[in-house]
Amino acid sequence: MNRSFVENREPPSGSKDSAPGMSLNAKKIGLRLWLALGLFFAVVPAGMAAGQPALTGIVSSDAEGPMGGVLVSAKRMNSIVTITVVTGKDGRYAFPADRLAPGDYQIGIRAVGYDLATPDLKVTVGGKQSKTDIKLNKTKNLPAQLSDAEWLMSIPGTPKQKEWLSTSCVFCHSLTHVLTSKYDAEGWLTTFNRMSNWSGSSAFFKPVLSPWANHEMISFTKGDEEQAKYLASINLSTGPEFKFELKTMPRPQGDDTKVIITEYDLPRHDAEPHDAVSDKDGMIWYCDFAEGIVGRLNPKTGEVKEWEDPSPRPGFPGGFQALELDSQGNPWVTRHELNGFAKFDKKTEKFTNMSLPENQVSPKTRTTFLAITPDDKVWVKDNVDFKAFWFDPHTGRYLGRNQYPDDVVKTPPHNIYGIRSDSKGNEYGADIDGSGIARIDAETGKATYYPTPAPNSGPRRMHIDSDDRLWIGEYYANKIARFDTRTGQYHEWDHPVNWFSPYDVAPAKDGNIWAGGMSTDLISRMNLKTGKFNNYLMPRVDTNVRRVDVDNTGARPVFWVGENHQSKIAKVEPLE
Ligand code: HEC
């Protein structure tokens, strides 16, 4: 299938290696532009009543008859947009008329344990309603369809062994690669070594060498002989069949089927949109984890534009981990593997590279996250010295502040992951290893520490609401937490799905709280009043969700997310 992108790349201007430091001279390094041709959203065709579905039918299989909770996706030929709906209890799916323009569509499904009976299923949507019933067969390759949470439910092992897998192996690729491998214990030891050379920004389809591999800094895999033996006892090293039952999660039911998911392909098939953020004008800005690229999706026209600013440090990958918008809507991005961050000016379309002052930080410093204050100062995290730097872009002034009070530093381990600013410019760091929130007072520089009620909670990314309450993904404890920065009080909610492992949590203005993670392919929405969770399944295995975002500017909040391992940006809209 043809993806109609027009590539229009300007020749690079200027040298690539003169940008670091505190220079504020804007410098354009490269520009990429893609235009996705075609209109996506139809007006309701003449001859069809509004509200009538453009395409509908029943999904069934011989094993179950009509099947509820099946995701049905339709992608128009030569378009970058895929629309997904879910069958109700009676097996019926329905695409609203205003979502499918007339044309030819490729149909896909997600229902664990099943494949389309007709793999290459195409339908034509025309002026009047199209009806297509869809037949499913039992799959011959269930392992390829399991999410990481389903693997973790299925495999034998102690909680500790499973936790090791869930924290050491799932972020670069899915556990399917691990379990379907044939390594014996010796083979695993060699493989662990190979894994530890990959940068955390790698994906299975995109290995990125870690520049720190020889510095004993990155040791994600921490594999030892015990773990090698454990993996050799559960993978396919001794035969073609698993010696345990492959358990699957129930398909979506009830309200969880009432949703429309819209996915936009990014122009590069190996894009890794780690962070995707909506701005006031409805544009979606994203950064690429593995490459120094910032992109913008216009959901109304389907135009995607990307700008590249390669690594300012030779030998170090330039990928951006985090993206935040300043008050003018300009994206600020952090380099994942080095001391460097950048502002992208959306008017001039130029990057300005910055870094923490070298004489104040370690040569090993990586500035992976930043937070923007209401008056557009920037907090930048230094992961090595337990510091955060307060940076004024107008004066170029940096102020290093200790992230932890002295008594906390004495009780390792600690490691700040995501950071946020409150309405007064105070900084908060999510201490993933220490299980607490570390606060720096903007005026006095005083550090205060607030342990989470749950032990070993692993707070990871956060959002802050208009009442200065932090919403936190407690990755290890499988909880969502709220921390009231004004009272120092926490509230925690258990996530109902095992191994959901919330990476990030974002509040919507209607009182719903959204969250996503890497292991389940579920996006969840918690109703704050009732405490009820809805869990919406994404259309693909190994979505690999990182930052989540809620666009609160319109009449109804809209949820946006980057599919880090699927090179797509997705919008999730519950129907009720
Ligand atoms: C920092 C990123 C990263 C982490 C963490 C990681 N991997 Fe990988 N893995 C990769 C990449 C990139 C590839 C593809 C290139 C390759 O095969 O080395 C891969 C491929 C694999 C493969 C398939 C290729 C083969 O050799 O059969 C297996 C199996 C595997 N990894 C096991 C593991 C296990 C087990 C863990 C956790 C202990 C793990 N990986 C953690 C990056 C990672």
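This text follows the structure it describes.
Residues numbered from 1 in each chain as written. Predicted model: local features only at pLDDT ≥ 70, side-chain atom pairs only at ≥ 80, totals over all residues. Heavy atoms only, no water.

Asks: Looking at this model, I keep getting lost on the packing of helix α2 (residues 159-168) against helix α5 (residues 225-234). Mind explaining?
Replies: Packed helix pairs are specified by the crossing angle of their axes together with the interaxial distance, meaning the distance between the axes. In contact at an axis separation of 12 Å, α2 and α5 are set at 95° when each is read in the N-to-C sense. By the angle class used here, α2 and α5 are roughly perpendicular. In this structure, α2 contributes Gln 161, Lys 162, Trp 164 and Leu 165 to the contact, and α5 contributes Gln 227, Tyr 230 and Leu 231. (Axes fitted to C-alpha atoms, helices over the stretch in contact; angles between N-to-C directions. Helix = DSSP H or I, 4+ residues; strand = E, 2+ residues; numbered from the N terminus. Parallel < 35°, antiparallel > 145°, perpendicular 65-115°, else oblique. Contact = heavy atoms within 4.5 Å.)

Asks: Hey, could you run me through the coordination of the iron atom of the ligand in this one?
Replies: Six octahedral donors around a metal ideally sit at 90 or 180 degrees from one another, while four tetrahedral donors ideally sit at 109.5 degrees. With distances of 2.0 to 2.1 Å, the protein atoms coordinating the iron atom of the ligand are His 173 (NE2) and Met 195 (SD). Met 195 sits in the partly exposed class, given a relative accessible area of 22%. (Donors = N, O, S within 2.8 Å, 3.2 Å for Na, K, Ca; no water. Buried < 20%, exposed > 50% of the residue type's maximum accessible area, 1.4 Å probe, protein only.)

Asks: Which parts of the structure should I look at to understand α5?
Replies: An α-helical segment advances 3.6 residues per turn. Residues three or four places apart therefore align on the same side. Residues of α5 that are buried include every one of Gln 227, Ala 228, Tyr 230, Leu 231, Ala 232 and Ile 234, and no others. Looking at the buried residues of α5, the elements they touch are α2, α3 (175-179) and α4 (185-195). The N-cap of α5, judged by a side-chain oxygen 3.1 Å from the amide nitrogen of Glu 226 a few residues on, is Asp 224. (Polar contact = N/O pair within 3.5 Å; in protein donor to acceptor, adjacent residues only side chain to side chain.)

Asks: Would you mind going over the sheet that holds strand β29 (residues 459-464) with me for this structure?
Replies: In a beta sheet, neighbouring strands pair by backbone hydrogen bonds and run either parallel or antiparallel. Strands sit in the order β29-β30-β31-β32 across an open sheet of four strands; the sheet is antiparallel. Every interior strand has two partners, whereas the edge strands, β29 and β32 (489-494), have only one. Across this sheet, the average inter-strand angle for adjacent strands is 20°, counted without regard to direction. Of the strand pairs in this sheet, strand β31 (residues 479-484) and β32 are connected by six bridges, and their pairing is antiparallel. (Pairing = 2+ DSSP bridges.)

Asks: I'm lost on the site of the ligand in this one. Help?
Replies: Taken together, 23 residues sit near the ligand, with Cys 169, Cys 172, His 173, Tyr 183 and Met 195 positioned nearest. At 2.8 Å from a nitrogen atom of the ligand is found a side-chain nitrogen or oxygen belonging to His 173. In this structure, an oxygen atom belonging to the ligand sits 2.7 Å away from a side-chain N or O atom of Arg 194. Of all elements in the fold, only α2, α3 and α4 reach the threshold of two or more residues within the shell around the ligand. Counting residues per element, the shell around the ligand draws most heavily on α4, at three residues. Considered class by class, the residues forming the shell around the ligand number 14 nonpolar, eight polar and one charged. (Near = heavy atom within 4 Å. Nonpolar A, V, L, I, M, F, W, Y, C, P; charged D, E, K, R; others polar.)

Asks: Explanation requested: the packing of α4 against α5 in the structure shown.
Replies: Axis separation between α4 and α5 bottoms out at 8 Å; the angle between their running directions is 120°. When the interaxial angle is binned, α4 and α5 end up oblique. Where α4 crosses over α5, the two elements pack in a sense that is right-handed. Of the residues in α5, those in contact with Ala 185, Trp 188, Leu 189 and Phe 192 of α4 are Glu 225, Gln 227, Ala 228, Lys 229, Leu 231 and Ala 232. Taken together, the residues of the contact of α4 with α5 sort by class into seven nonpolar, one polar and two charged. (Left-handed = near helix turned anticlockwise from the far one by under 90°.)

Asks: Where do I start with the sheet that holds strand β24 (residues 397-402) in this structure?
Replies: Taken in spatial order, the four strands line up as β21-β22-β23-β24 in an open sheet, and their pairing is antiparallel. Among the strands making up the open sheet, the edge pair consists of β21 (370-372) and β24. Across the sheet, the mean angle separating the axes of adjacent strands is 20° when strand polarity is ignored. Where strand β23 (residues 387-392) meets β24, six bridges bridge the pair, whose relative direction is antiparallel.

Asks: It is not clear to me how the pattern of salt bridges should be interpreted in this structure. Could you clarify?
Replies: Opposite charge on two side chains makes pairing possible when the charged atoms of those side chains draw close. Scanning the model with the defined rule gives 32 salt bridges in all. Residues Glu 337 and Arg 366 are paired through a salt bridge, measuring 3.4 Å at the closest nitrogen-oxygen approach. Here the residue Glu 337 occupies a position in the loop between β18 (331-335) and β19 (341-345), and Arg 366 occupies one in the loop between β20 (350-354) and β21, the gap between them amounting to 29 residues. Taken individually, Glu 337 and Arg 366 each receive the classification buried, so the pair is uniform in this respect. Here the salt bridges do not stand alone but share partners, grouping Lys 206, Arg 268, Asp 270, Asp 288, Glu 291 and Glu 306 into one network. (Salt bridge = Lys/Arg side-chain N within 4 Å of Asp/Glu carboxyl O.)

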